[in-house]
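Remarks on the overall topology
One-letter residues, chain by chain:
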Amino acid sequence: MDLSPVARMAAVIDYHERSKHRLDRYAPSPGQLDWANQPDPFRRYAGVSRTLLPLAEPVTAVPTLDEALAGQVAPAPLTLAAVSRLLYDALAISAWKRAGSSRWAVRCNPSSGNLHPTEAYLLLPPLPGLGEEAGMYHYEVQDHALACRASLDAGSWSRLVHGLPDGGFLIALGSIPWREAWKYGERAYRYCQHDLGHALAQLACAAAALGWEASVLAGAGDDCIATLAGLFDHSGPEAEWPGALLALSPRPLPAGTGRRWLPALAALPETWAATMAGVPNRLSGEHASWPVIDEVALACRRESAPGQWTAASASVLPPELPPRPLPARQIFRSRRSAVEMDGERVLSGEAFVRLVAALLPQARAPWPALPWPVAVHPVFFLHRVRGFAPGVYLLLREPAARSGLQAALGRFPHWTELDEVALGLPLFRLAEGDLGRYAQIANCHQALAADGAFAVAMVAAFEPVLAAEGPAAYRRLFWEAGALGQVLYLEAEAAGMRGTGIGCYFDDVIHELLGITDRRFQSLYGFSVGAAVEDGRVGTEPAYPARSMA
Ligand SMILES: Cc1cc2nc3c(=O)[nH]c(=O)nc-3n(C[C@H](O)[C@H](O)[C@H](O)COP(=O)(O)O)c2cc1C
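Fair warning: this is a prediction, and the values are worked out from it, not measured in the lab.

Of regular secondary structure, the chain possesses 16 helices and 19 strands. By sequence separation, contacts in the chain at least 24 residues apart represent 82% of the contacts at least 6 residues apart. Accessible area for the chain stands at about 20,500 Å²; split by element, carbon and sulfur atoms hold 54% of it.

Okay, structure coming up:
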C-alpha cells in the first residue's frame, strides 16, 4: 500500500465514503451472522501470572456524580484496591444477562453490538499485592484480573515515567477490529473508534471518582503504544491495533501533559519485546476477510510527535447548577442502553440543561482528558423536553466554529439564541417542529430515534481537521464523538432515563436533513435519550458470581 501522506488521506476519505450506510445500500457487511465463528469477547493471555483484583462494589453514597466529575474528590493513594476500583467502574462486567438459553455480559463501557473490541494494558509501579517490580499488565475483564506480561526494575520505571507526578501510571488501549467486523463488516473500523472514545471517557470519569487526573497522550504514536502494550506480535485476521495511551495520576498532571509529554521508551530494557509473556487466545475458528479495514488502519497510523496546537479550548463556562445526591459509582455501574423507548415520557427542562452543560468542553471530567481542539458539535432533534419547543437545536462547543457551521448547515441559516431557558448555554434553536419521523428514517429506521425525549447527530469538523492534523485524526474525531456519547449515557442515567448510542444511520440522509453538502462537516455518531421500555424476558445476574465480595 502507498503510504505517502496524500495516499493515506485518500484512503481515509475513500473508507469514510464507502463505509457510509445509504438508503439504498448498507455498507458492505457479512449479511448473515456466522454464529459458529462469533469472536470471543474476552481476551486472555496464556502463560502469564494472574492477580485477581478485589471486587469493588459501589456501596458508597459518596462521591456524588457531580463531586466526582467536577474534581472535588480527595485523591486516593495509588494502591491495588484503587486500581481495581478504577477498572471496576470503567471497563469491568456490570452484569450478566440471560434470555432463554442465551447468556451474555454487559460492561460499564458500551460497545456497538456488545462486541467489545477494546482491550486495556496497564503500566504500573510496584504495588503491594500485585508485584514488587513495576510491570505491564493486561486487564482480563472476564475475571476482573491483571495478567502480568512484563516486569521493569525500579530505575527503568522511573526513567520511563520521568515527568509524571509520583504515583503516575499509564493505560494503553488497543482495538481488535475483527470483533466488530464479524458482524458489521467495513463499518466496523468506525465502531472500534467510537468504542475506544467511550472507554477513554469512562476511564477519565472513574479516575475522577478516585480524585485522580487523567489525560490522553495525544503525541503517543502507534509504535510507542504497541511497544508499551506488547502488541508487536499481533498480525493476521485477529490483529490488535494500538489505540490510545492515557496518563493517570493521583497528583495533578503538569499543564500540557496531554499535548507534550511522552514516556521515555529508551528506558525499557533491550529484552522488553523478547521477554514479553503471554500468548493471546484465538477469538474465532475462521475469519472473513475485510481488507479495507486493514487499509484504513494503516492509513490512520500515528507517528509519535507532540501536538502542534497550543491549547485545548475550554471557552464556554457552564452555568452553576445545584448539586445532585447521585452516587457516581452507582451511575457508572448501572449505565445501560435502552433497546426500546416509550415514545411518551417527557424530560424535564432542568435535566436537559444539565445534560447539555455536561457536554461542554470544561474542567469537568472527562473533558480535560481529551487534549485536542474541540471538533464535534451535537445537533439535537428534540421531541419531548419540557419548556423547549420540539425542533432542531445545536450546542456550539467551540465558539470559533460558529460561522463555519452556520455556512455548512445550509438548511438552517438562522439560529435563535436561547439565553434564558438555556441558562446562558451556547445552545441555539435552528428550527421548530418535531422531526421524529425523519430522525427515525435517517437512523436506519430505528424507532428509538423518534421515541426518546431527543435524538442527536454529532456533527464534526471533518476535512479541515484531517488536513490540519493528518489522516490519523480520523480516529480522534470518533473518539471525541464516543466521549460525548459516554457523557450522554451517564447524564441520561442521572436524569432517570436511558441513552443509546446509534452507530447505524444513513450518513448522507442526516447530512441532507441538516443541509450539509460537502465534507467540511460530517455527522460521525448518533444518540438517543429517553425512557426505556424494559424487556421482561431478559433476566439479570451478578457481574462476578464466582467471586466473593471484598
Ligand atoms: C458505537 C456504538 C454504536 C451503537 N449503535 C447502536 C445502534 O445503532 N442501535 C442500537 O439499538 N444500539 C446501538 N448501540 C448500543 C449497543 O448495542 C449496546 O451498547 C450494547 O448492546 C451493550 O449494551 P449496554 O450498552 O447496555 O451495555 C451502540 C453502541 C455503541 C457504543
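Before going further, it helps to examine the site of the ligand. Within the structure, the ligand sits among 21 residues, and Arg-335, Arg-336, Ser-337, Gln-446 and Gly-501 are positioned closest to it. Within the backbone of Ser-111, an N or O atom sits 3.4 Å from an oxygen atom of the ligand. Here a nitrogen atom of the ligand sits 3.1 Å away from a polar atom, N or O, in the main chain of Gly-501. Contact with the protein chains covers 86% of the free accessible surface of the ligand, which is 620 Å². At a threshold of 2 Å from the grid points, most atoms of the ligand map onto the largest pocket. Contributions of two or more residues to the shell around the ligand are made by strand S4 (102-107), helix H6 (188-209) and strand S17 (498-502). When residues of the shell around the ligand are sorted by domain, at least three fall in each of domain 1 (5-31 + 66-300) and domain 2 (328-530).

To continue, consider the domain arrangement of the chain. Domain assignment breaks the chain into domain 1 (5-31 + 66-300) and domain 2 (328-530). For domain 1 and domain 2, the distance between their C-alpha centres works out to 25 Å. Each partner contributes to the interface: domain 1 provides 58 residues, whereas domain 2 provides 48 residues. Per-residue buried area on domain 1 facing domain 2 is highest for Leu-69, His-194 and His-198; these three make up 13% of the total on that side. Applying the counting rule to domain 1 against domain 2 returns eight salt bridges. One salt bridge in this structure joins Arg-475 and Asp-222, with 3.0 Å as the shortest N-O distance.

This model, assessed by the stated rule, comprises one disulfide. Disulfide pairing places Cys-444 opposite Cys-504 at an S-S distance of 2.3 Å. Disulfide Cys-444 to Cys-504: torsion about the S-S bond roughly -90 degrees, handedness left-handed. Taken together, the residues span a long stretch of sequence, with Cys-444 in the loop between helix H13 (436-442) and strand S16 (454-461) and Cys-504 in the loop between S17 and helix H16 (507-514) at a distance of 60 residues. Among the residues examined, Cys-504 registers a relative accessible area of 22% and is labelled partly exposed. A disulfide-free cysteine, Cys-108 has its sulfur positioned 12 Å from the sulfur of Cys-205, the nearest such atom. Between Cys-148, a cysteine without a disulfide, and Cys-224, which holds the nearest cysteine sulfur, the sulfur-to-sulfur distance is 19 Å. Among the residues examined, Cys-148 registers a relative accessible area of 17% and is labelled buried.

Here the largest pocket is characterised by a volume of approximately 1,400 Å³. Those elements that place two or more of their residues in the lining of the largest pocket are S4, helix H5 (177-184), H6 and S17. Considering each element in turn, the lining of the largest pocket owes the most residues, five residues, to S4. Here the lining of the largest pocket spans two domains, since at least three of its residues come from each of domain 1 (5-31 + 66-300) and domain 2 (328-530). Estimates place the volume of the second largest pocket at around 800 Å³. The wall of the second largest pocket is formed by 44 residues, among which Ala-214, Ala-363, Trp-367, Pro-368 and Ala-369 lie closest to the centre. Those elements giving two or more residues to the lining of the second largest pocket turn out to be H6, strand S9 (213-216), helix H8 (257-260) and helix H15 (473-494). Across the lining of the second largest pocket, the residue classes tally to 28 nonpolar, ten polar and six charged. The two domains that each donate at least three residues to the lining of the second largest pocket are domain 1 (5-31 + 66-300) and domain 2 (328-530).

Next up on the list: the UniProt feature "domain: Nitroreductase" (unreviewed entry) in the chain. UniProt annotation of "domain: Nitroreductase" (unreviewed entry) refers to residues 76-231 and 431-530 when read in the numbering used here. Annotated as residues 76-231, this span is 36% helix and 29% strand, and its ends, taken at the C-alpha atoms, are 31 Å apart. Helix and strand shares over residues 431-530 are 44% and 25% respectively, and the end C-alpha atoms of the span are 21 Å apart.

The subject of this paragraph is empty space enclosed by the protein. According to the stated counting rule, one finds three cavities of 30 Å³ or more in the structure shown. Lining the largest cavity, in full, are Ser-175, Pro-177, Tyr-189, Cys-192, Gln-193, Leu-196, Asp-222, Trp-241, Pro-242, Gly-243, Ala-297 and Arg-475. Secondary structure elements with two or more residues in the lining of the largest cavity: H6 and strand S10 (241-249). In terms of residues, the lining of the largest cavity owes the most to one element, H6, which gives four residues. Along the lines of polarity and charge, the residues of the lining of the largest cavity split into seven nonpolar, three polar and two charged.

Per the counting criterion, the structure on display carries 20 aromatic pairs. With a centroid separation of 6.2 Å and 35 degrees between ring planes, the pair formed by Tyr-88 and Tyr-544 is classed as tilted. With Tyr-88 in helix H3 (residues 80-90) and Tyr-544 in the segment after strand S19 (539-541), this pair connects stretches of sequence that are 456 residues apart. There is no split in this pair, since Tyr-88 and Tyr-544 are both buried. Pairing Phe-169 with Trp-212 gives two aromatic rings, centres 5.7 Å apart and planes at 80 degrees, and the pair type is edge-to-face. Of the two residues, Phe-169 sits in strand S8 (residues 169-175) while Trp-212 sits in the loop between H6 and S9, which places them 43 residues apart along the sequence. There is no split in this pair, since Phe-169 and Trp-212 are both buried. An aromatic cluster is defined as three or more aromatic residues linked by ring pairs; in this entry it consists of Tyr-15, Tyr-189, Phe-462, Tyr-474 and Phe-478. Over the aromatic face of Tyr-45 sits the side chain of Arg-43, whose NZ or CZ is 6.0 Å from the ring centroid.

The rules behind these values
- For every chain, the first residue of the written sequence is number 1, and numbering continues from 1 along that sequence.
- Where totals are concerned, whole chains, interfaces and linings use all residues; where local detail is concerned, this predicted model gives features only for residues with pLDDT of at least 70, and gives and counts side-chain atom pairs only at 80 or more.
- As a convention, hydrogens and water are excluded, and side-chain values are obtained from all of the structure's heavy atoms.
- Secondary structure elements follow DSSP: runs of H or I no shorter than four residues count as helices, runs of E no shorter than two count as strands, and numbering proceeds from the N terminus.
- For this analysis, residues touch if any pair of their heavy atoms sits within 4.5 Å.
- Note on areas: Shrake-Rupley, 1.4 Å probe, and residue coverage restricted to the protein chains presented here.
- Any residue with a heavy atom lying within 4 Å of a molecule or strand is counted as near it.
- The term polar contact refers here to a pair of N or O atoms within 3.5 Å; inside protein, the definition further demands a hydrogen-donor-capable atom paired with an acceptor-capable atom, and it admits residues adjacent in sequence only when both atoms are side-chain atoms.
- Points on a 1 Å grid, built from protein atoms alone, make a cavity when a 1.4 Å probe fits but cannot get out and make a pocket when they are open with protein on both sides within 12 Å along at least 5 of 7 lines; residues with an atom within 4 Å of a point are the lining residues.
- A molecule is said to be in a cavity or pocket once over half of its atoms fall within 2 Å of that pocket's grid points.
- Boundary definitions for the domains trace back to an automatic or database domain assignment.
- Summed over both partners, the accessible surface that disappears when two parts come together, traced with a 1.4 Å probe, is what is meant by buried area.
- Here a salt bridge means any side-chain nitrogen of Lys or Arg lying within 4 Å of a carboxyl oxygen belonging to Asp or Glu.
- Any two cysteine sulfur atoms within 2.5 Å of one another count as a disulfide.
- Only protein chains enter the accessibility calculation, which uses a 1.4 Å probe. A residue is then buried if its area is under 20% of the maximum for its type, exposed if over 50%, and partly exposed in between.
- Grid points are joined across faces, edges and corners, and a volume is the space filled by probe spheres set on the points.
- In this classification, the charged set is Asp, Glu, Lys and Arg, the nonpolar set is Ala, Val, Leu, Ile, Met, Phe, Trp, Tyr, Cys and Pro, and all remaining amino acids, among them Gly, are polar.
- UniProt positions are given in the numbering used here, feature names are shortened, and annotations may be inferred rather than shown by experiment.
- Pairing of aromatic side chains requires ring centres within 6.5 Å, counting the rings of Phe and Tyr and the six-membered ring of Trp. Pairs whose planes differ by under 30 degrees are stacked, by over 60 edge-to-face, and all others tilted.
- Note on criteria: charge over ring means Lys NZ or Arg CZ within 6 Å of the ring centre, with the direction from the centre no more than 35 degrees off the ring normal.

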